[in-house]
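Coordinates in review
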Amino acid sequence: MMWFIGKRLVQGLITVWFIATATFFAMHNVPGDPLLNDRATTAIIRANLEAKYGLDKPVTTQYFIYLNNIAHGDFGISFAQENREVNDIIREHFPVSAILGILAVVIAAVGGILWGSLTALYRNRLPDYIIMFLVILGISVPSFVIAALSQLGIVTINSLLGRTFLPVAGWGTISHMLVPALVLGLTTMAYLTRLMRSSMLEIVNSDFVRTAKSKGVPPARIFARHQLRNAVLPVITVLGPSIAAITTGGFVVEIVFAIPGLGRFFVEAVQQLDYTVIMGTTVFYGAFLVFMVILVDVIYGFIDPRVRMN
Amino acid sequence: MRCMRSSAYPCSSTSCLWLLLNSGSNSTGQAIDVEDNAVTITLRAEPPQLDQGRSTDASSFVVLAHAFEGLIAYDEEARLTPGVAERWEIREDGATFWLREDAKWSDGVPVTAYDFEFAWRRVVDPATASQYAFIFYSIKNAEAVNTGVLPKEMLGVRAVSDRQLEVEFEQPTPYFDKLVAFITFLPVREDFYNSTNGRYGADADEMIYNGPYMITDWVHSASMVWKKNPYYWSDKRGFLDEIRVAYITSDTNAKLNLFKDGQIVETELLSPMLPGAMAERWQIDRIMDGTVFFFEFNHRPGRVTDNLNFRKALMYAHESSELVYKALKEASYLPAVSLFPAWIQGVNGPFREEYPPPEHHMDLEKARHHLELAKQELGVDEFPPIVMLSGDTPVSLVASAYYQELFRKRLGLEIRIDAQIFKQRLAKMTSGDFDIVLAGWGPDYDDALTFGDFFASWNLNNRGRYNSPEMDSYIRTAQSSLDPKERMDAFGNIQQLVYDDVAMLPMYERGWSFVVDPRLKGFRRRSVGPEVDYNYAYIDVSSD
């Protein structure tokens, strides 16, 4: 097991290095100039800015300086927010995205497993049709529409009740998190429902379920011990990457609900060509994603004895 | 009620949870807190930093305009009014400012002329790399200091005493009072600045304030609290005890929802929102935000757009009112007819009344005639595709699609739209990689020159490289003439020359429809200065 984890960690490190390198060179080849602004600047001011950010050096030199810095955990100073270190930005805003993301994933996982099992149990009957219709809706309606609609819904509920039942936007308390987390987790929930449904259906017809049935095991026990535990494996596989995807993909939800998460920086930095923030957020999220995948592999070993054997 | 909130009443765990879930519930929302004399507002974007010497964006300007005060400020009607300076005198060769005795920093220390001397030297110091340093260039030696030729001590600004600031001009600058009202001219206190170890303006406690409000809390990208500055000298500004910036978002739909829910005092309305707003019987106001949008041509030699007849052909094929009323359909926009927007002032009244813009009518026959002439002059049978560089905002995409279709139909020209994100559009504009660019220009200060010098051959913002000795000479007169009439005549000539030479094609003047909570009075949106201004705002519930 230790050997397995160690091997995966080394692979992960190489992946992160590759992400860092690819992002660095892609970023420097994107047309545009991070130092340009509405009001044109004189040559000397430009030279000063270039020196400040080390852009006056050749790109390869910049690359090695940069690699050395991230090896020491230093992502540098933001181009757009001139007095803030990228490390500070990540430290202050990632926890917000993480809390929102974890809540969203919990909602998505619980909902997905529950609805997926239900549809499989009621296959081709009314509950199945209703849930699967909602699933298609959840996958195909873009999150900015759902976000805007649910916000409008909150306003309507508040005005009907004559008091602030749920906050319309902002961040701070649990009540601020509920709706954004639900919106954020909705697509994943729909996706997991489908996954759970098909894997449940596969297992319902498998030999060991039939054997259990013929042995006279009660249906509830078959469902819990044999079906659910086996069917949930593929869900766990995608859960790791989804946690990473959800915590990074919160851009729309963060804008609509005015939430100070890292997802905003991830997107806005690219629009502003904020080199250090692009690199910082990408490498950080890359590492996070890789870590999640490794974590899932390890958890898999605990849940499925077959993986451990190999 | 106030004591209820103090710690004298510890709540049980269940009511704590209830409070957590229903934070701040009340029937009217939190937009206006009469009891605390506080309002809740939004900010469009997170200020990158709040260093007045280096800020360039609208959101930072809004915050800085409340937390600081320069020598001269704006009054409720956007006229100049004394700020830290009690009085001033502008001469041909320089200016003198006499500072008031009672202007203080938020720690009680008096604001002195040295604070301005330090701040201004710092802006032109090339080490600061301030993007707005150019706005100081009318001060003696400013350009030389900024380009590293002279040390910063040689800048023509000198504190004679605590209360007297002397400024020497490079050339006569009759509009210097208007310049001084700009954000980059705000004071900075040297001892405090030095104590921040290069982090000045990064956080609420890395600044010291002299404006009506001070920032007491700043959670990045989330919220801010501005409290009344107890040391602020005037009782004519800063009536609220607290301004809470509770939301930082650029999403106008989210802001509208917050306004509907009674959580914020003001929000802007886009055209699709107007019917709903009218149904709610809201009082809808309108303001021009000051910016003029136009077609900037690439005048570099070798470009098709360098040809005057070609530009004239485009001019006669278009009418800005058609763009605004038929394509953009933004109720608060005005068709642009000149480089100078409608709100610019002339000698005694509006510039537009004293110097009406050249009359323009669409004339397809003339347009085709000029296009023929252009073909002959350029010696081509067919024009190559014209590259139209545009931003990626919804409005610029609609505008570029509209022009693409219009010039194809009316002139048979092929327009290739090159939509780019902000920084890439700027990079292409700077390197001249376009034929036409959809650009905008907003005012820095309340004088026609903020638009008038745009096409100067030496102006780095003139990214189409328009170059005309005639234009340059008018601009020189406009910059330095001490006779207001002569100056305005020069602007009139600039306006005419821009039209005759088709230096650009005006498209629209941007405006905003907006709605304000009726209990908030004295709130202003502005064309010049901070886009939203709460310095004169106060709560009045009597009309409720």
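Every chain is numbered independently, its residues counted from 1 as its sequence is written. Just so you know, chain letters begin at A and ligand numbers begin at 1, following the order they were written in. At least 70 in pLDDT is required for a residue's local features to be given in this predicted model, at least 80 for side-chain atom pairs to be given and counted, and no such filter applies to totals for whole chains, interfaces and linings, which use all residues. Computation of side-chain values: all heavy atoms of the structure, hydrogens and water removed.

Let's talk about the interface of chain A and chain B
Working rule for contacts: check all heavy atoms of both residues, and any pair within 4.5 Å makes them a contact. Between chain A and chain B, the contact holds 50 residues from the first and 58 residues from the second. Both faces combined, the contact of chain A with chain B buries some 4,500 Å², and carbon together with sulfur accounts for 53% of it. On the chain A side of the interface with chain B, the three residues burying the most area are Leu36(A), Arg39(A) and Asn83(A), jointly 17% of the side's total. Whenever a carboxyl oxygen of Asp or Glu lies within 4 Å of a side-chain nitrogen of Lys or Arg, that contact is scored as a salt bridge. One can count 0 salt bridges joining chain A with chain B. Any N or O atom pair separated by 3.5 Å or less is treated as a polar contact, with the protein-specific requirement of one donor-capable and one acceptor-capable atom, and with residues adjacent in sequence counted only for side-chain atom pairs. Between chain A and chain B we count 11 residue pairs in polar contact (both at pLDDT 80 or more) in total. Here the quantity called buried area is the accessible surface, traced with a 1.4 Å probe, that two parts lose on coming together, added over both.

Structural notes on the confidence of the model for chain A
Looking at chain A as a whole, the pLDDT averages 87, with 98% of positions reaching at least 70. By mean pLDDT, helix α13 (residues 305-309) of chain A is the weakest element of chain A at 64, and helix α4 (residues 86-121) of chain A is the strongest at 91. pLDDT is a residue-level measure of predictor confidence that goes from 0 to 100. Note on conventions: DSSP H or I runs of at least 4 residues are helices, E runs of at least 2 residues are strands, and numbering of each starts at the N terminus.

Considerations on the pairing of strand β9 (residues 213-219) of chain B
Sheet faces and side chains relate simply in a regular strand, where the side chains alternate between the two faces. Residue and element names in this part refer to chain B. When DSSP locates at least two bridges between a pair of strands, those strands are taken to pair. The pairing of β9 with strand β10 (residues 223-228) spans 6 bridges and is antiparallel. Bridge pairing in β10 links Asp217 to Val225. Following β9, the chain reverses through 3 residues before pairing antiparallel with β10; Ser221 in that reversal takes a positive phi of roughly 65°.

Brief notes about the sheet that holds β9(B)
All names here are of chain B. The sheet built from 5 strands is open, its strands ordered β1-β2-β11-β10-β9 with mixed pairing. Each edge of the open sheet carries a strand with a single partner, namely β1 (32-33) and β9. Here 2 bridges tie β1 to strand β2 (residues 38-43), and the two strands are oriented antiparallel to one another. The residue bridging Ile32 from the neighbouring strand is Val39, located in β2.

Regarding the nonpolar core
In terms of nonpolar packing, the biggest core is built from 189 residues, with Phe97(B), Trp120(B) and Phe176(B) touching the most fellow members. Here this core gets 11 residues from one element, more than from any other, and that element is helix α12 (residues 275-303) of chain A. By convention here, the domain bounds are inherited from an automatic or database domain assignment. Taken domain by domain, the makeup of this core includes at least three residues from each of domain 1 (32-265 + 517-543) and domain 2 (289-511) of chain B. Formed by 35 residues, the second largest nonpolar core is a distinct cluster that contains Phe293(B), Phe295(B), Phe297(B) and Tyr508(B). Definition of nonpolar core: a set of buried residues of the types Ala, Val, Leu, Ile, Met, Phe, Trp, Tyr and Cys, connected through side-chain atoms within 4.5 Å. The buried label goes to any residue with under 20% of its type's maximum accessible area, the exposed label to any with over 50%, and the partly exposed label to all in between, with areas taken from a 1.4 Å probe on protein chains only.

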